[in-house]
Amino acid sequence: MNRISQRVQSAGFSTTMQIAALAFQLQSEGIKIINLNVGEPDFNTPENVKNAAHVAIDKNFTKYTPNAGLADLKDAIIKRLKTDYDLSYTRDEIIISPGAKNSMYNACMAVINPGDEVIIPTPYWVSYPAMVKLAAGVPVIVPTFANDGFRLTPAQLEQAITPRTRALILNNPSNPAGTFYTRKDLIELLNVALAANLIIIADEVYEKLVYDGLKFIPAAAISAKAKANTVHISGVSKTYAMTGWRIGYAAASNDLIAGMNVVQSHNTSGATSISQVASIEALNGPQDYVKAMLAEFQKRRDYLLKRLREIPGITCHPASGAFYLFPDFSVYFNMEFEGERIMNSADMVYYLLKHAHVATVPGSGFGAENYIRLAYATSLENIETALNQIEAALKKLSPIRQLEIK
Ligand SMILES: Cc1ncc(COP(=O)(O)O)c(C=O)c1O
């Protein structure tokens, strides 16, 4: 008898976590693996942020905080949203959670009724469909294409909406494809979403990691109506290299935040006190750290894109945000090396892990089978070695020979 609930069975374990576990196992066997699978900056948390945490500990600021977060951290978030995007929120329109992932989960639990449909464009971050299912909703997966920059088009959105549609999950810039929506894209898309009274759950955790001189606009900044119907989700994990501190946050109208507050009150309660103090410093302190990190990421993106496009048969959309590239590897499917067959993206990822000693993530986990995801959150030197090893491993492949039928 399976004692696990159907909801949890339907969600399954995160693909990225599975690959990480296998890479870790090979590493523990003494094999040097280059990790292009991880979703976190390789930079250190800024010194001023770490110092703020030391002070918090020394002052014994180590107890529970209010469920929705410290007022000073809410103020720091409010100030950033105002300064950066001219968005005005009040304290009751902000909630701080243990990671942006938790903010996303709280938002799903707060707004989805059983059977509600939630539109999720592919390639999606692995957790979105699972979160919707855990909230007893129905994920409606809408494929997007490299030719459209992996953007959901207004026509596609229109077609996917039914009377049961409750929300749209919009990840901008996106993981895994680095999809980027301009102001114009957002206006056109939100026109359709708002006409159907959808709630927009806008995962904008990569808001500060945007390249090629593009300007990020949050969905909530499009209009007053957009703001009233959008849950803006972000955090300090990616922007300040603070993934392990576990601080994310949401900004939305107070009824939505109140709902998320209820969910959080029965789940994690308030986020870590020390991490919240560190996050105040991250948001209020000097921002040049972010600029320097961005410049380094841009160099790596450019290099990785160039190297991938030099591999015969590989095409790659020049992702303008986050720190991932999502090349199409399908030209190497139906190939083999010493009897090891590559039929799909998962086979490819295992092959590259074994023969190139490079960890990547299969597109299947993101709902896009022909692709694999490579993160450039590692040094240029590592990226160069990884690409040399990937190229060498791909050269060993040859088409699967069909059995001759006599
Ligand atoms: C699209 C997206 N949203 C949310 C998160 C989670 O962020 P956090 O580490 O703050 O929970 C990630 C992390 O990989 C992500 O890629």
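All values derive from a computational prediction rather than experimental measurement.

Student: For the pairing of strand E7 (residues 230–235), give the residues involved together with the corresponding values.
Tutor: Taking burial as the measure, the six residues of E7 include six buried ones, the bulk of the element. Where burial is concerned, the two faces of E7 agree: the one with Thr-230, His-232 and Ser-234 and the one with Val-231, Ile-233 and Gly-235 are both buried. Across four bridges, strand E6 (residues 199–203) lies against E7 in parallel orientation. Bridge pairing links Ala-202 to His-232 in E7. Taken together, the four bridges between E7 and strand E8 (residues 248–251) define a ladder with antiparallel strand orientation. Each residue of the ladder has a partner; that of Gly-235, found in E8, is Gly-248.

Student: A description of the pattern of salt bridges should follow, citing residues and the corresponding values.
Tutor: Inspection of every chain in the model, using the stated rule, returns 19 salt bridges. Glu-296 is paired through a salt bridge with Arg-300; the nearest N and O atoms lie 3.4 Å apart. Here Glu-296 and its partner Arg-300 are both found in helix H12 (residues 288–310), four residues apart, which amounts to about one turn of the helix. Look at Arg-300 and you get buried, because its relative accessible area is 3%.

Student: Just give me the short version of the sheet that holds strand E10 (residues 335–337), but keep the residues and values in it.
Tutor: Pairing within the open sheet is antiparallel, and its three strands lie in the order E11-E10-E15. Unpaired on one side and paired on the other, strand E11 (340–342) and strand E15 (398–399) mark the two borders of the sheet. Pairing analysis gives three bridges linking E10 to E11, with the strands arranged antiparallel. Within E11, the position partnered with Met-335 by the bridge is Ile-342. Packing against the sheet, helix H13 (residues 345–356) makes contact with E10 and E11, and its axis sits at approximately 135 degrees to E11.

Student: Describe the packing of aromatic side chains, naming the residues involved and giving the relevant values.
Tutor: What describes a pair of aromatic rings is the distance from one ring centre to the other and the angle between the planes of the rings. According to the stated counting rule, one finds 15 aromatic pairs in the structure shown. Note on Tyr-206 and Phe-323: the rings are 5.5 Å apart at their centroids and 85 degrees apart in plane angle, and the pair reads as edge-to-face. In this pair, Tyr-206 is assigned in the loop between E6 and helix H9 (224–229) and Phe-323 in the loop between H12 and strand E9 (324–325), connecting sequence segments 117 residues apart. Residues Tyr-206 and Phe-323 agree in their burial class; the two are buried. Geometrically, the ring pair formed by Phe-297 and Tyr-376 is edge-to-face, given 6.1 Å between the ring centres and 75 degrees between the ring planes. Linking Phe-297 in helix H12 with Tyr-376 in the loop between strand E14 (372–375) and helix H14 (380–395), this pair joins segments that are 79 residues apart in sequence. Each member of the pair, Phe-297 together with Tyr-376, is buried.

The rules behind these values
Residues numbered from 1 in each chain as written. Predicted model: local features only at pLDDT ≥ 70, side-chain atom pairs only at ≥ 80, totals over all residues. Heavy atoms only, no water. Buried < 20%, exposed > 50% of the residue type's maximum accessible area, 1.4 Å probe, protein only. Helix = DSSP H or I, 4+ residues; strand = E, 2+ residues; numbered from the N terminus. Pairing = 2+ DSSP bridges. Salt bridge = Lys/Arg side-chain N within 4 Å of Asp/Glu carboxyl O. Contact = heavy atoms within 4.5 Å. Axes fitted to C-alpha atoms, helices over the stretch in contact; angles between N-to-C directions. Phe/Tyr/Trp six-rings, centres within 6.5 Å; stacked < 30°, edge-to-face > 60°.

In short, shape yes, function no, at least from these values alone.
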